[in-house]
Amino acid sequence: MEKSSQTGSRPAFSLLELMIVILIISLSYVLVFSTYKKSAKKPKSLTPMTLKSTLLDQGLFHTDSEFFCLDKCQSCYLYQDDETGSYEGEVAFGDIKAYTLDQNDNLYQIDFGRYQDHPVCLRFGLHHNGSSSQMVIESKGKFYFLPAFFGEAVEVESLAKAKELWLQHTPLLANNGDYY
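Just so it is clear, the structure is predicted and the values come from calculations on it, not from any experiment.

**Student:** Just to check I follow, could you spell out the overall build of the protein for this structure?
**Tutor:** Each helix and strand counted, the protein has three helices and ten strands in total. Here the protein, with 180 residues, has 31% of them falling under the buried criterion. Across the protein, every contact between residues at least 6 apart in sequence was considered, and the portion connecting residues at least 24 apart equals 50%. Accessible surface for the protein amounts to roughly 12,200 Å². Of this, 55% is attributable to carbon and sulfur atoms.

**Student:** Explain the sheet that holds strand S2 (residues 75-80) here, please?
**Tutor:** Pairing in this open sheet of five strands is antiparallel, and the strands run S3-S2-S1-S7-S6 from one edge to the other. Lying at the two open borders of the sheet, with one neighbouring strand each, are strand S3 (83-86) and strand S6 (114-115). The sheet contact formed by S6 and strand S7 (residues 118-126) spans two bridges and is antiparallel. If you follow Tyr115 over to S7, its bridge partner there is His118.

**Student:** Please clarify how the pairing of strand S8 (residues 135-139) should be interpreted in this entry.
**Tutor:** One face of the sheet, then the other: side chains in a regular strand alternate in exactly this way. Burial within S8 is extensive, with five of its five residues counted as buried. Burial along S8 is two-sided: Met135, Ile137 and Ser139 and Val136 and Glu138, pointing in opposite directions, are all buried. The pairing of strand S4 (residues 96-101) with S8 spans four bridges and is antiparallel. Pairing of Ile96 across the sheet is with Ser139, part of S8.

**Student:** Is there a simple way to think about unusual backbone geometry in this case?
**Tutor:** Phi at Cys73 is positive, roughly 60°, even though this residue is not glycine. Tracing the chain through its elements places Cys73 in the loop between strand S1 (65-70) and S2. A positive phi angle, near 55°, is found at Asp81, a position not held by glycine. In this fold, Asp81 is placed in the loop between S2 and S3.

**Student:** Would you mind showing me how to read the pattern of salt bridges here?
**Tutor:** A side chain of one charge can pair with a side chain of the opposite charge when the charged atoms of the two come close. Under the criterion given, the structure shown has two salt bridges. The partner of Glu66 in a salt bridge is Arg123, with the nearest N and O atoms 3.1 Å apart. Of this pair, Glu66 sits in strand S1 while Arg123 sits in strand S7, and the two are 57 residues apart along the sequence. For Glu66, a relative accessible area of 21% gives the class partly exposed. Linking Arg114 and Asp117 is a salt bridge whose minimum nitrogen-to-oxygen distance equals 3.4 Å.

**Student:** What exactly am I supposed to notice about the nonpolar core here?
**Tutor:** Considering soluble globular proteins, one finds that nonpolar side chains tend to be buried as a cluster. Ranked by size, the top nonpolar core spans 26 residues in total, and within it Leu51, Phe67, Cys69, Phe93, Leu122, Phe124 and Leu146 carry the most contacts. Secondary structure elements with two or more residues in this core: helix H2 (51-57), S1, S2, S4, S7, S8 and strand S9 (142-146). Per-element tally for this core: the top contributor is S7, with five residues. For Leu51, the residues in contact, after removing those within four places along its chain, are Leu46, Phe67, Phe93, Leu122, Phe124 and Leu146. Core analysis: the next-biggest nonpolar cluster, separate from the first, contains nine residues, Val136, Phe145, Ala162 and Leu165 among them.

About the criteria used
- Residues numbered from 1 in each chain as written.
- Predicted model: local features only at pLDDT ≥ 70, side-chain atom pairs only at ≥ 80, totals over all residues.
- Heavy atoms only, no water.
- Helix = DSSP H or I, 4+ residues; strand = E, 2+ residues; numbered from the N terminus.
- Buried < 20%, exposed > 50% of the residue type's maximum accessible area, 1.4 Å probe, protein only.
- Contact = heavy atoms within 4.5 Å.
- Areas by Shrake-Rupley, 256 points an atom, 1.4 Å probe, with all protein chains shown as cover.
- Pairing = 2+ DSSP bridges.
- Salt bridge = Lys/Arg side-chain N within 4 Å of Asp/Glu carboxyl O.
- Core = buried A, V, L, I, M, F, W, Y, C linked by side-chain atoms within 4.5 Å.

Structure, rendered in structure tokens:
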């Protein structure tokens, strides 16, 4: 008597087929999600408008920190917890000029000096309470006012407008106890 070939076949996967499916799914996961995670963690390009918000988004509230750039802002660093590390994100400042007010309320260009024999083009302090250095930055023919406290950077049309904006914030600085 002949045995029926129907009893030997069944609608199931073999172990080898299951392993191949699991391998394909695993490889797809690694390729898709690892690329997604890398792109999600990449910080925004730093510009005068995004400087403060980007650095604060990186969690610099817990300690006083300083962000500084050398050699016409071609290389930037972050000083935090007594350690200096290279800033890994993209920086789109170009050759900038930074200004502050003197005691007579006149804007003057800040000379940040040198660090390890390299000219410093920017020094921007971030404090544990969310406040930061106040300054006016000129970059690529545009002017930006960076307030000391919790406001965002503002693009203005001239140094004179930046000075006006700064002077509007001066009474707030005189009453800085109001923020604590």
